[in-house]
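# An overview of the molecular structure
Spelled out from the first residue to the last, the chains are:
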Amino acid sequence: MTQLRWIDAEPPVRLSSGTTWGMPFQRGTAAGADHLQVRDMNGVAVNAQAWPLATWPDGSLKWAGIAIGATDQPSDAYHVTHSTDRHDGGPAAAVEHSPGVTVAETDDAVTVSTGMLDMVIPRRGETLFSELRRAGEAVAKDARLVSLLQNNLAEGAGSAPREAYTSQVSGVTVEQRGPVRAVVRIEGRHSAKDGSREWLPFTVRLYFYEGASSIRMMHSFIWDGNAEEDFLAGLGVEFTVPLASELHDRHVRIAGADGGFLVEAVRGLTGLRRDPGEAVRAGQIAGEATPPLREWSPLVSERLRLIPSWNDYTLTQLTADGFELRKRTAPGHGWVGISGGTRSGGFCSLSDLRGGFGIGVRDFWQSHPGQLDIRGAATSNATVTAWLYSPEAQPMDLRFYHDGLGQDTFEDQLEGLEITYEDYEPGFGNPTGIARTHELTLYAYDSTPSTESLAADARAASTPPLLQPSPEYLHQAGVFGDWAPVDRSTPVRAELEDKLDFLFDFYQGQTEQRRWYGFWNYGDVMHTYDTDRHVWRYDVGGYAWDNSELSPDLWLWYMYLRTGRADVFRYAEAMTRHTGEVDVYHLGPWRGLGSRHNVQHWGCSAKQLRISTPAYRRFYYYLTADERTGDLLTELVDSDRNFLGLDPVRKVRPDADTYRPDRGALGVGLGTDWGSLAATWLTDWERTGNPRSRDRLLGTMADIGALKYGFLTGEALYDLDAGRFDAGREVISVSHLSAVFGLVEICSELVSLVPDAAFERAWMQYCRLFLATPEEQAAEVGQPLAGIYLTQAHSRLTAYAAAKLGSPELASLAWDSFAEGGENLNHAEAFTLRKILPPYVLQPVDEAPTVSTNDTAQFGLAVIQNLALIGDQLPPSTEAPEEVPAS
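Below is a short write-up of the structure.

Reading the values: rules and limits
- Here the residue numbering is sequential within each chain, running from 1 through the sequence in written order.
- Per-residue local features are limited, in this predicted model, to residues with pLDDT of at least 70; the limit for side-chain atom pairs, both in listing and counting, is 80 or more; totals at the level of whole chains, interfaces and linings are taken over all residues.
- In computing side-chain values, all of the structure's heavy atoms are included and hydrogens and water are not.
- Under the scheme used here, helices are H or I runs from DSSP no shorter than 4 residues and strands are E runs no shorter than 2 residues, and both carry numbers assigned from the N terminus.
- Note on method: radius of gyration uses C-alpha positions; expected globular size equals 2.2 Å times residues raised to 0.38.
- Contacts were defined at the residue level, with two residues in contact if any of their heavy atoms lie within 4.5 Å.
- In short, Shrake-Rupley with a 1.4 Å probe defines the accessible areas, and a residue's cover is counted only from the protein chains shown.
- A positive count includes Lys and Arg, and a negative count includes Asp and Glu. His and the chain ends are not counted in either.
- Where a charge sits is defined by one atom per residue type, namely NZ (Lys), CZ (Arg), CG (Asp) or CD (Glu).
- Within this document, salt bridges are pairs made up of a side-chain nitrogen of Lys or Arg and a carboxyl oxygen of Asp or Glu, the two lying within 4 Å of each other.
- Burial classification: accessible surface area is computed with a 1.4 Å probe over protein chains only, and a residue below 20% of its type maximum counts as buried, one above 50% as exposed, and the rest as partly exposed.
- Paired strands, as defined in this entry, are two strands with at least two bridges between them according to DSSP.
- Residues enter a nonpolar core if they are buried and are Ala, Val, Leu, Ile, Met, Phe, Trp, Tyr or Cys, with the set joined through side-chain atoms within 4.5 Å.
- Identification of polar contacts relies on pairs of N or O atoms within 3.5 Å, with a donor-acceptor requirement for protein atoms, meaning one able to donate a hydrogen and the other able to accept it, and with residues adjacent in sequence counted only if both atoms are side-chain atoms.
- Under the convention used throughout, the expected extent of a helix is 1.5 Å for every residue step, that is, one less than its residue count.
- In this analysis, rings of Phe, Tyr and Trp, with Trp reduced to its six-membered ring, are considered paired at centre separations within 6.5 Å, and the interplanar angle assigns stacked below 30 degrees, edge-to-face beyond 60, and tilted for intermediate values.
- Should the NZ of a Lys or the CZ of an Arg lie within 6 Å of a ring centre and within 35 degrees of the ring normal, that charge is described as sitting over the ring.
- In this description, a disulfide is simply a cysteine sulfur pair whose atoms lie within 2.5 Å.
- Within the patch definition used here, like charges are joined within 9 Å and nonpolar side chains (Val, Leu, Ile, Met, Phe, Trp, Tyr) within 5 Å, considering only residues with over 30% relative accessible area and no salt bridge.
- Axis definition: a line fit to C-alpha positions, over the contact stretch in the case of helices; interaxial angles, taken between N-to-C directions, run 0 to 180 degrees.

## Regarding the overall build of the protein
Counting its secondary structure elements, the protein contains 20 helices and 37 strands. Here the C-alpha atoms of the protein give a radius of gyration of 29 Å, agreeing with the 29 Å that 2.2 N^0.38 yields for 887 residues. Viewed in the frame of its principal axes, the protein has a C-alpha envelope of about 100 × 75 × 60 Å. Taking the contacts inside the protein whose residues are at least 6 apart along the sequence as the reference set, 68% of them involve residues at least 24 apart. Surface summary for the protein: the accessible area is close to 32,500 Å², and the carbon and sulfur share equals 49%. With 77 positive and 119 negative side-chain charges, the protein shows a spacing of 6 Å between the two charge centroids.

Okay, structure coming up:
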């Protein structure tokens, strides 16, 4: 029996949408997902739906996605059992329940019912859904995507015309059909009104749960415009909301900051010179039906026509630090300012006595510029629009940030790399193919909810409730390689845990202090700090946005696995969303490749698998069963073919014979390249059983084992058709980058997952020799290894060898190497925090001198894996100074 906990410690007030999570099972213990059952903390069976996410090589269940439906009284905790937990050994007993989610399909539409609401989804046309009903009443209809295209950003040109586009649906697929959870996938593109152009391909998923009164909506789009000519001036989702009640019984609710709400009626009855009566005022403020007009004071009821009705409302969040609310009586009349604040909750609703519609946008202010519009609230068909990119912001400008600086040849570009660390190449700073995902929640109301209820809905939309297994259970399941839950049992362990906490808290604080927010930026961090200007090097070539350099994604996910901390999970989640969408190409010639660190996320000419690798995404996929992340993993299945179109080391390759795409022979590095391919094949094999992925993974493992120098060979010739390496290469070439983009973690899993003695020996040799003395290296392979850097990061290789071989000497070397600090991270200064005061920066900020994101990530991974592998052989002290308090 496995206990599940709410990630935020406390259960939600209510679970209006249901929830889905992923959980693993030890090898050989669970036959399949149909044997799983969920119980609440009192042991009562709960309606649940389970499906396999991954299997072990023996065919037993490794990961399952599990969902429970909506409930007004969620349990404090839940338990999952499978057949081996029960004496009968049979499948999970059926739970008595209502019909749950039902899906009906015709040639024209898909209709989904949760028992509380019904939605009709046409298979073609402009609309994502034609009608959303609650208790038989339509609360929203004709939902569609909208976008605005502007073709001119010339300075001084004034306001350029904008062309409106709307969604055109090309396909609707039912991916799950209940009984507890249904998923409908909608695909299409944005189309001009006259049909002259289509662009911005999109995927929308709608999630329905048994008993749910709300629907989760996941919207993803791919940028496929011309950055020189196309400027996105607005992107949103628009809904029509039918209204029939009197204007004074129509209600607008918009979330402000810190849980506050604008609470107004379309025609307000409070604050008037004459009082309609206490019951009238109280009813309107509560969102309830006001008494009949005959019960009002005639001083008001006979003058209703003279009270303005407010037709339109707008909230704009153009930065992370400020929103503005305003309204007007009708188009052609002036806007009246309502209020403003810092960070809106990104939620609004419009309702009358028949019911209403609400929408919440997750990460609303973090992903600015956003906007919420209500139009036509005084008419019979209002519109509510959630703008994911506000039309009141500056149009989106994705042009490359400089003119090339004369770098027309590889020689010039390599010179540029020497000074700004930017790997520039003409035409490669192109955003065409990058993507962005937003998560929204749609609410169907049978009346105007109380403000307290709406505040709970806004919180749930912003921070969706999530169940998760404990770190101890995840560790016992044997997933994700070498890590262990937090252990503060000794002073030295406690000291190292404190360092890990400090570094995470520091980066979380830097995101806030430096405002690492925005439509394309949220979820990423900066690469390296500029201690002279007291800013991160946001404008210096390859030192700006990190784009997964040296695996901060891995550091964060392993930290979450160990701690179970909600703040770590959500920081890692935001990074996974960003790096998997924005930093990777999803169409075009570089589909499946990611861009190296740069001033712009897509700016670097190094398009490589080490950025797009599934090693960074699969944590989130398995822990949440998120279908969008599953799409990203599926995109990469044939990523070995990317080497045909783009040689990752084309500028510095000394031997053309190792790269012959015309013959299907490709030079593939055994570090960052093969590590990414291995993560791709392993993940696909586990998820789908694909024999191509299995055979390429196991075959190339065998080939690496057969190489004379194994991983020390550095690169091998890969036969794309056969999916195998030429094992005859006899060269020694070592890179300090080979093992710091997920190779360590993937190899650790592979050694324990599939038996291959030769591969294990090759990996063990690499781990033993990388930080060995030059004399030891020469004695074994005939020469010392060149390119040994990032000593601290690679200490975990030595720790791995020490643990597997039971060598105290190697364990001592590992901890000594870890304490050394490496060339790029001064260990004595890594934990020094000081406050930089004006006038040096725009605002007071915390600064940790010499720490860069990639060094921090590798430090964190080294701590985590060393503790898991050789923590019982810790030295008496790490000799790192105590943190210096901010002054």
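## Some remarks on the pattern of salt bridges
In the structure shown here, the tally under the stated rule is 63 salt bridges. We note a salt bridge from Arg515 to Glu512, for which the minimum N-O separation is 3.5 Å. Residue classification places Glu512 among the partly exposed residues on the basis of a relative accessible area of 27%. Put simply, Arg533 and Asp530 hold a salt bridge, and the shortest N to O gap is 2.9 Å. A relative accessible area of 32% places Arg533 in the partly exposed class. Given the relative accessible area of 14%, Asp530 is considered buried. Here the salt bridges share partners, and the residues they tie into one network are Glu175, Arg185, Glu187, Arg205, Glu581, Arg628 and Asp631.

## Regarding the sheet that holds strand 1 (residues 2–6)
With antiparallel pairing, five strands are arranged side by side in an open sheet as 4-3-7-1-28. The open sheet terminates on both sides in strands that have one partner only, identified here as strand 4 (45–46) and strand 28 (467–469). Here four bridges tie strand 1 to strand 7 (residues 77–81), and the two strands are oriented antiparallel to one another. When the sheet's bridge partners are listed, Gln3 is paired in strand 7 with His79.

## Let's talk about the nonpolar core
Ile121, Phe208, Trp555, Trp674 and Phe711 are the most contacted members of the largest nonpolar core, which totals 228 residues. Aside from chain neighbours lying at most four places away, what touches Phe711 is Leu670, Trp674, Ile704, Leu743, Cys747, Phe759, Ala762, Trp763 and Tyr766. Residues Ala255, Phe347, Tyr443 and Ala455 belong to the second largest nonpolar core, which totals nine residues.

## Thoughts on the environment of Ser807
Secondary-structure assignment places Ser807 in the loop between helix 18 (791–805) and helix 19 (808–820). C-alpha separation for the pair Ser807 and Ile870, spaced 63 residues apart in sequence, amounts to 9.8 Å. Sequence-distant contacts of Ser807, defined by excluding residues within four places in its chain, comprise Ala802 and Gln873. Polar side-chain contacts of Ser807 include one of 3.1 Å to the backbone nitrogen of Leu810.

## Quick look at helix 8 (residues 566–581)
For an α-helix the count is 3.6 residues per turn, leaving residues at separations of three or four pointing the same way. With 16 residues, helix 8 extends 22 Å between its outermost C-alpha atoms, agreeing within 8% with the 22 Å of an ideal straight helix rising 1.5 Å per residue. Of all 16 residues in helix 8, 15 are buried; the element is thus mostly enclosed.

## Here we look at the pairing of strand 9 (residues 109–113)
With four of five residues buried, strand 9 lies mostly within the body of the structure. Of the pairings in the sheet, the one linking strand 8 (residues 102–105) to strand 9 comprises four bridges and is antiparallel in character. Residue Thr102 lies in a different strand from strand 9, and its bridge partner there is Ser113. Here strand 8 hands over to strand 9 after three residues, the two strands then running antiparallel side by side. Between the antiparallel neighbours strand 9 and strand 10 (residues 117–122) lie three residues, among them Gly115 with a positive phi of about 95°.

## A short note on the environment of His527
Turning to its location among the elements, His527 is positioned in the loop between helix 6 (491–513) and strand 29 (529–530). Put simply, His527 and Tyr543 are 16 residues apart on the chain and 5.2 Å apart in space, counted from C-alpha to C-alpha. The residues contacting His527, other than those within four sequence positions of it, are Tyr421, Trp536, Gly542, Tyr543, Ala544, Asp546, Glu549, His597, Ser852, Thr853 and Asn854. Of the polar contacts made by the side chain of His527, one reaches the side chain of Thr528; its length is 2.4 Å. A distance of 2.6 Å separates a polar atom in the side chain of His527 from a polar atom in the side chain of Asn854.

## Things to note about unusual backbone geometry
Look at the link from Gly178 to Pro179: it is a cis peptide, with omega at 15°. Among the secondary structure elements, Pro179 is positioned in the loop between strand 13 (162–177) and strand 14 (181–192). Going from His368 to Pro369, the amide bond is cis rather than trans, its omega being 5°. Mapping Pro369 onto the fold places it in the loop between strand 24 (355–361) and strand 25 (370–375). Here Tyr421, not a glycine, exhibits a phi torsion of approximately 65°, which is positive. Look at Leu550: it is not a glycine, yet its phi comes out positive at around 60°. Take Leu550: it is sitting in the loop between strand 30 (535–536) and helix 7 (552–563).

## Considering the packing of aromatic side chains
Aromatic rings in a pair are described by how distant their centres are and how their planes are angled relative to each other. All chains considered together, the criterion is met by 50 aromatic pairs. Judged by centre distance (4.8 Å) and plane angle (40°), the ring pair of Tyr421 and Tyr543 falls under tilted. With Tyr421 in the loop between helix 3 (410–420) and strand 27 (435–445) and Tyr543 in the loop between strand 30 and helix 7, this pair connects stretches of sequence that are 122 residues apart. When its relative accessible area of 27% is taken as the criterion, Tyr421 is described as partly exposed. Through a chain of ring-to-ring contacts, three or more aromatic side chains come together here, namely Trp63, Phe480, Trp557, Tyr558, Tyr560, Phe569, Phe619, Tyr620, Tyr621 and Tyr622. Here the guanidinium or amino end of Arg326 rests over the ring plane of Trp335, the centre of that ring lying 4.9 Å away. Over the ring of Trp365 we find Arg343, and its NZ or CZ is 3.9 Å from the ring centre.

## A short note on the state of the cysteines
For the structure shown, the criterion picks out zero disulfides. Take Cys747: it sits in no disulfide, and the sulfur closest to it among the cysteines is that of Cys767, at 7.6 Å. The exposure class assigned to Cys747 is buried, which follows from its relative accessible area of 0%.

## Points about a negative patch on the surface
A grouping of Asp408, Glu411, Asp412, Glu415 and Glu418 is seen on the molecular surface, where their side chains present a negatively charged patch. With respect to the secondary-structure elements, Asp412 resides in helix 3. The partly exposed category is assigned to Asp412, whose relative accessible area is 33%.

## Quick word on the sheet that holds strand 35 (residues 724–725)
Two modes of strand pairing occur in sheets, parallel and antiparallel, and in both the strands are linked by backbone hydrogen bonds. Strand order in the open sheet made by the three strands is 33-34-35, with antiparallel pairing throughout. A strand with exactly one partner marks an edge of an open sheet, and here the two such strands are strand 33 (665–669) and strand 35. Pairing analysis gives two bridges linking strand 34 (residues 715–719) to strand 35, with the strands arranged antiparallel. Bridge pairing in strand 35 places Tyr718 opposite Phe725. Set on the sheet, helix 13 (residues 672–688) makes contact with strand 33, strand 34 and strand 35; between it and strand 33 the angle comes to about 100°.

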